[in-house]
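# Chain and residue survey
Okay, here's what each chain looks like letter by letter:
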Amino acid sequence: MLNQIKKCWHFFTCERYTELASQELDQKLCGLDRWGFLFHHAICTFCRRSRRQLKVIEKASLKLDLEGSLGANESQGLSEAAKQRIKQSLH
Amino acid sequence: MSKVDESFVSFLHRIVYAFMEHAQSIAPGASICLYGGVSENVKKQDEVDGASSLNSGLEREMDPDQWVDRYGDRLYKYALARVREASLAEDLVQETFLSAVKAYGDFEGRSAVKTWLLTILKNKIIDHYRKVKRQGEAVSLDSDTDTHTAGMTLGIWNTFVHNWASNPDELVEGQEFLGALNECFRKLPDRYKKLFQVKLADDLSTEEICNLFDISASNYWVLLHRIRMQLRQCLDKNWYAK
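Our subject in this report is the structure included herewith.

Reading the values: rules and limits
Residues numbered from 1 in each chain as written. Chains lettered and ligands numbered in written order. Predicted model: local features only at pLDDT ≥ 70, side-chain atom pairs only at ≥ 80, totals over all residues. Heavy atoms only, no water. Helix = DSSP H or I, 4+ residues; strand = E, 2+ residues; numbered from the N terminus. Buried < 20%, exposed > 50% of the residue type's maximum accessible area, 1.4 Å probe, protein only. Contact = heavy atoms within 4.5 Å. Areas by Shrake-Rupley, 256 points an atom, 1.4 Å probe, with all protein chains shown as cover. Salt bridge = Lys/Arg side-chain N within 4 Å of Asp/Glu carboxyl O. Polar contact = N/O pair within 3.5 Å; in protein donor to acceptor, adjacent residues only side chain to side chain. Nonpolar A, V, L, I, M, F, W, Y, C, P; charged D, E, K, R; others polar. Disulfide = S-S within 2.5 Å. Core = buried A, V, L, I, M, F, W, Y, C linked by side-chain atoms within 4.5 Å. Phe/Tyr/Trp six-rings, centres within 6.5 Å; stacked < 30°, edge-to-face > 60°. Lys NZ or Arg CZ within 6 Å of the ring centre and 35° of its normal.

Further remarks concern the overall build of chain A. Within chain A, the secondary structure is distributed over five helices and zero strands. Reading chain A from its N terminus to its C terminus gives the helix and strand order α-α-α-α-α. Within chain A, the fraction of its 91 residues that count as buried is 44%. Within chain A, counting contacts between residues at least 6 apart in sequence, those at least 24 apart form 50% of the total. When the accessible area of chain A is evaluated, it comes to approximately 5200 Å², of which 59% is carbon and sulfur surface.

Below, the structure is given as structure tokens:
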């Protein structure tokens, strides 16, 4: 009984909304999840903002990843010896 | 840009590229850059001495030594951020250049050389993860005992959720925001970084990623959610609040 109540509660929580917002970035929501998501979206300002933030984070992460910068330390680079070795291997 | 627009641009690019190849064969004096039309400076130079600096742009792009000097550092940083070992990262970069030299004939120029090289490198890294997994070493994520979602208590927000910007697209272009995001990403646990980076690489389906890390689909979505919420909270504290 307690588990059922927990499940029911979880369905309407902001945490569940953000889980679905995260999933929505990669695949379409269907069925009950979609309706629950839309209902919560209509009533919760914080969750609407969080959804926009997650979209921005995803877009920006993709941009950084395409540039090859995500997680990179700008001060690191190939050593001269490594560059020479690679050039030699290409010839 | 919609898919129709992208297809149209790609079609135009093919026509321009075919024209450039044809022009090269009939008019060696014409100077043409591989990735654009005929640049003004190159046209002038061509008018003055009729020389074939024609292929100067092409030759530069085709010269592997130029690739190493121009893109080597970027590729190395990308690889190092993922594999965490300097020598392995160097090997992956070397393999990337070797593959690129072999495959250059197939390169259609639809993307920049840097993007193309990064794509090859991403695939090399994913192959490395697969090899490590086949050898039975730990590519898989540690079992995630952390059940807390950043910013929430009992499923409800325990913090004020700010409105970051009226125009979110501007944020994505802002260097300050991107720098802060990069810093927040570097603070994530290694297991989260690996999963997120493999997911962003976009070459693997959800099923393949789950296979690679030995996790279920539902666990995958939960982990992605936690990663994104941690990044959100970090950005809120370290970028927005400042």
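More follows now that the structure is in view.
As a further point, take the interface of chain B and chain A. Many analyses report the size of an interface as the accessible area lost when the parts associate. On the chain A side, the residues contacting the 58 residues of chain B number 49 residues. Where chain B packs against chain A, one counts eleven salt bridges. The salt bridge partner of A:Arg85 is B:Glu90, with a shortest N-O separation of 2.8 Å. The tally of links between chain B and chain A comes to 23 residue pairs in polar contact (both at pLDDT 80 or more). Only helix H4 (64-83), helix H5 (86-103), helix H6 (113-134), strand E2 (156-157), helix H7 (168-173), helix H8 (175-187), helix H9 (190-201) and helix H11 (217-240) of chain B provide two or more residues apiece to the side of chain B that touches chain A. The dominant element in the side of chain B that touches chain A, judged by the number of residues it contributes, is H4(B), at 13 residues. For the side of chain B that touches chain A, the residue count by class is 33 nonpolar, ten polar and 15 charged.

On inspection of all chains with the given rule, the structure shows one disulfide over all chains. Disulfide pairing places B:Cys184 opposite B:Cys234 at an S-S distance of 2.1 Å. Looking along the S-S bond of the B:Cys184-B:Cys234 disulfide, the torsion reads about -80 degrees, which is the left-handed sense. Placement of the pair is B:Cys184 in helix H8 and B:Cys234 in helix H11, with a sequence separation of 50 residues. Of all cysteine sulfurs, the one in A:Cys47 lies closest to A:Cys14, which takes part in no disulfide; the gap is 3.6 Å. On the basis of relative accessible area, A:Cys14 is assigned to the buried category, the value being 7%. No disulfide involves A:Cys44; its sulfur sits 3.5 Å from that of A:Cys47, the nearest cysteine.

Residues B:Trp67, B:Phe97, B:Leu117, B:Leu231 and B:Leu235 are the most contacted members of the largest nonpolar core, which totals 66 residues. With sequence-adjacent residues up to four places away left out, B:Phe97 is seen in contact with A:Ile86, A:Leu90, B:Trp67, B:Val68, B:Tyr71, B:Gly72, B:Leu75 and B:Leu117. Listed in part, the 14 residues of the second largest apolar core include A:Cys14, B:Ala150, B:Met152 and B:Val161.

What follows covers the packing of aromatic side chains. All names here are of chain B. Scanning all chains against the criterion turns up twelve aromatic pairs over all chains. Note on phenylalanine 185 and phenylalanine 196: the rings are 6.1 Å apart at their centroids and 40 degrees apart in plane angle, and the pair reads as tilted. Here phenylalanine 196 lies in helix H9 and phenylalanine 185 lies in helix H8, a separation of eleven residues in the sequence. In this structure, phenylalanine 185 and phenylalanine 196 share a single accessibility class: buried. One aromatic cluster is present, built from ring pairs that chain together Trp164, Phe177, Trp239 and Tyr240. When the ring centre of tyrosine 78 is taken as origin, the NZ or CZ atom of arginine 82, which lies over that ring, is 3.5 Å away. A cation over a ring is seen here: arginine 191 above tyrosine 192, with NZ or CZ 4.9 Å from the ring centre.

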